[in-house]
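# Residue-level structural notes
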Amino acid sequence: MLSQLDSLKTDALAAISAAQDEAALETVRVNFLGKKGSVTALSQGMKDVPVDQKKEVGAKLNDVRTTITDGIESKKFALQAALDAKAVEGIDITLPGRPSTGNGAMHPLTQIRDLAIRTLRRLGFILAEGPEIETEFHCFDALNTPADHPARNEKDTFYLPDGRLLRTHTSSVQIRTMEAAKSLPIRIIAPGAAYRRDEIDATHLSVFNQLEGLYVSNDVSLADLKGTLEAFFREIFGPNTAVRFRPHFFPFTEPSFEIDVKLEATGKDARWIEIAGCGMVDPAVFTAVNQSRGDNLFDPETTTGFAFGLGLDRLAMILHSITDIRHLIENDVRFLQQFAA
Ligand code: PHE
């Protein structure tokens, strides 16, 4: 029996080393260690071994079984290692790596949005937000915009089948913020997307980016509006930038203004560029908000506030002399690379 075991061991090790793949190895395992395998068969012969030899034969049997098991295991590793090596054959791992072609950078719109947010936060504004799919109430009615106002036209606004719409401006966040407010004052800014059914060209996209601002308290004056926005635009465009408030009309502010900044491009005459809309919150807006809230927190007799909305795309275009707004969404690296720090 002992010599049988020895030759079994030799046979098994030879079979293991001859196995070319995992399937062949598995056959070897079944042949020797399986239920009907030769090792198993031999171990059944243990009962016929004389008592005084049982110990020696048992130890040998165990040794043979372990040797075969270990042999199969390490052959399995060897086969896998050979497969791995084959997979990377021909690749020269000593070659130097390819250097990356450039660092990533913030999109110019992200840069200007962050700059605007940083600047306005220093002036005491906190971030607010609202949904891009809006109700007519939040986008128009509460903002004192009558049903026959052209902005509400199907031709200008994307309506959903259920009557909601894609907000045409971020001013809806004014209403959302005032509806949810617990107390005054309110001092928020809300950057975000706005949607209009504009024909796409060098200066129009159907999705663009605005930044809304709202300050409501009991003693907010036009001087606050002017001072805040002048400070803001000088921070963005430089300390000597001239800022002009031109009377305008918005349904939700009274009085209302458009803001122009004077930009002097080298070699060209300075020109005024319209950059934002603003005004003192119309008391009708406070009344609508109170009705929606069911209280009188925004008492139109004592509450005052200013609001403004500026186009972030325009701001980026002016700052970087970008002549076509479509560059901002085309993600052409040749364009974007210019804004890497
Ligand atoms: N919502 C206006 C627009 O999109 C801008 C604006 C905001 C005007 C706040 C006044 C006050 O044109």
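What you are looking at is a predicted structure, and each value in this text was computed from that prediction instead of being measured.

Reading guide: rules and limits
- Residues numbered from 1 in each chain as written.
- Predicted model: local features only at pLDDT ≥ 70, side-chain atom pairs only at ≥ 80, totals over all residues.
- Heavy atoms only, no water.
- Helix = DSSP H or I, 4+ residues; strand = E, 2+ residues; numbered from the N terminus.
- Near = heavy atom within 4 Å.
- Polar contact = N/O pair within 3.5 Å; in protein donor to acceptor, adjacent residues only side chain to side chain.
- Areas by Shrake-Rupley, 256 points an atom, 1.4 Å probe, with all protein chains shown as cover.
- Nonpolar A, V, L, I, M, F, W, Y, C, P; charged D, E, K, R; others polar.
- Core = buried A, V, L, I, M, F, W, Y, C linked by side-chain atoms within 4.5 Å.
- Buried < 20%, exposed > 50% of the residue type's maximum accessible area, 1.4 Å probe, protein only.
- Contact = heavy atoms within 4.5 Å.
- Phe/Tyr/Trp six-rings, centres within 6.5 Å; stacked < 30°, edge-to-face > 60°.
- Axes fitted to C-alpha atoms, helices over the stretch in contact; angles between N-to-C directions.
- Parallel < 35°, antiparallel > 145°, perpendicular 65-115°, else oblique.
- Domains from an automatic or database assignment.
- Salt bridge = Lys/Arg side-chain N within 4 Å of Asp/Glu carboxyl O.
- Pairing = 2+ DSSP bridges.

Leucine 184 connects to proline 185 through a cis peptide bond whose omega is 0°. Inspection of the secondary structure assignment puts proline 185 in the loop between helix H7 (172-180) and strand S4 (186-195). Glutamate 254 connects to proline 255 through a cis peptide bond whose omega is -5°. By the element assignment, proline 255 lies in strand S7 (residues 253-263). Backbone geometry places asparagine 331, a non-glycine residue, at a positive phi of 55°.

Another aspect to go through is the site of the ligand. Taken together, 14 residues sit near the ligand, with His169, Ser171, Arg196, Gln210 and Gly309 positioned nearest. Here an oxygen atom of the ligand sits 3.0 Å away from a polar atom, N or O, in the side chain of arginine 196. Coverage of the ligand by the protein amounts to 90% of the 320 Å² it exposes when considered alone. Elements supplying a minimum of two residues to the shell around the ligand: strand S5 (207-217), strand S8 (271-281) and strand S9 (304-311). At three residues, the largest contribution of residues to the shell around the ligand is made by S9. When the residues that make up the shell around the ligand are grouped by side-chain class, the tally is five nonpolar, seven polar and two charged.

Before going further, it helps to spend a moment on the nonpolar core. Core analysis: the biggest nonpolar cluster contains 41 residues, and Leu211, Phe233, Phe237, Ile259, Ile275, Phe308 and Leu310 have the highest contact counts within it. Contributing elements (two or more residues each) for this core: helix H5 (108-122), S5, helix H8 (222-237), strand S6 (243-250), S7, S8, S9 and helix H10 (312-320). Per element, the largest residue contribution to this core is six residues, and it comes from H8. Beyond its immediate chain neighbours, meaning those up to four positions away, phenylalanine 233 contacts Gly238, Val243, Ile259, Val261, Ile275, Ala276, Leu310 and Leu315. Core analysis: the next-biggest nonpolar cluster, separate from the first, contains 21 residues, Leu143, Val281, Ala288 and Phe298 among them.

Within the structure shown, the criterion is met by nine aromatic pairs. Note on phenylalanine 233 and phenylalanine 237: the rings are 6.3 Å apart at their centroids and 20° apart in plane angle, and the pair reads as stacked. Here phenylalanine 233 and its partner phenylalanine 237 are both found in helix H8, four residues apart, which amounts to about one turn of the helix. Note on accessibility: phenylalanine 233 and phenylalanine 237 belong to one class, buried. Seen from their ring centres, phenylalanine 335 and phenylalanine 339 are 5.0 Å apart, and the 65° between their planes marks the pair as edge-to-face.

In the contact formed by H5 and H10, the axes pass within 9 Å of each other and the chain directions differ by 105°. Put simply, H5 runs roughly perpendicular to H10. Counting all contacts with H5, which are made through Pro108, Leu109, Ile112, Arg113 and Ala116, the residues of H10 involved are Leu312, Asp313, Leu315, Ala316, Leu319 and His320. For the contact of H5 with H10, a count of residues per class yields eight nonpolar, one polar and two charged.

By a widely used convention, the size of an interface equals the accessible area lost when the partners come together. For the protein chain, the assigned domains read domain 1 (2-87) and domain 2 (108-339). When each unit is reduced to the centre of its C-alpha atoms, the spacing between domain 1 and domain 2 is 80 Å.

On inspection of all chains with the given rule, the structure shows 17 salt bridges. Notably, a salt bridge pairs arginine 326 with aspartate 324, separated by 2.8 Å at the nearest N-O pair. Look at arginine 326 and you get partly exposed, because its relative accessible area is 29%. One salt-bridge network, in which partners are shared between bridges, spans Arg244, Arg246, Glu258 and Asp260.

The subject of this paragraph is the side chain of glutamate 230. With respect to the helices and strands, glutamate 230 occurs in helix H8. By relative accessible area, glutamate 230 is classed as buried at 17%.

On to the pairing of S8, then. Every regular strand shows the same layout, with side chains that alternate between the two sheet faces. Buried residues dominate S8, accounting for eight of its eleven residues. In the sheet, S8 pairs with S9 via five bridges, with the strands oriented antiparallel. When the sheet's bridge partners are listed, cysteine 278 is paired in S9 with phenylalanine 308.

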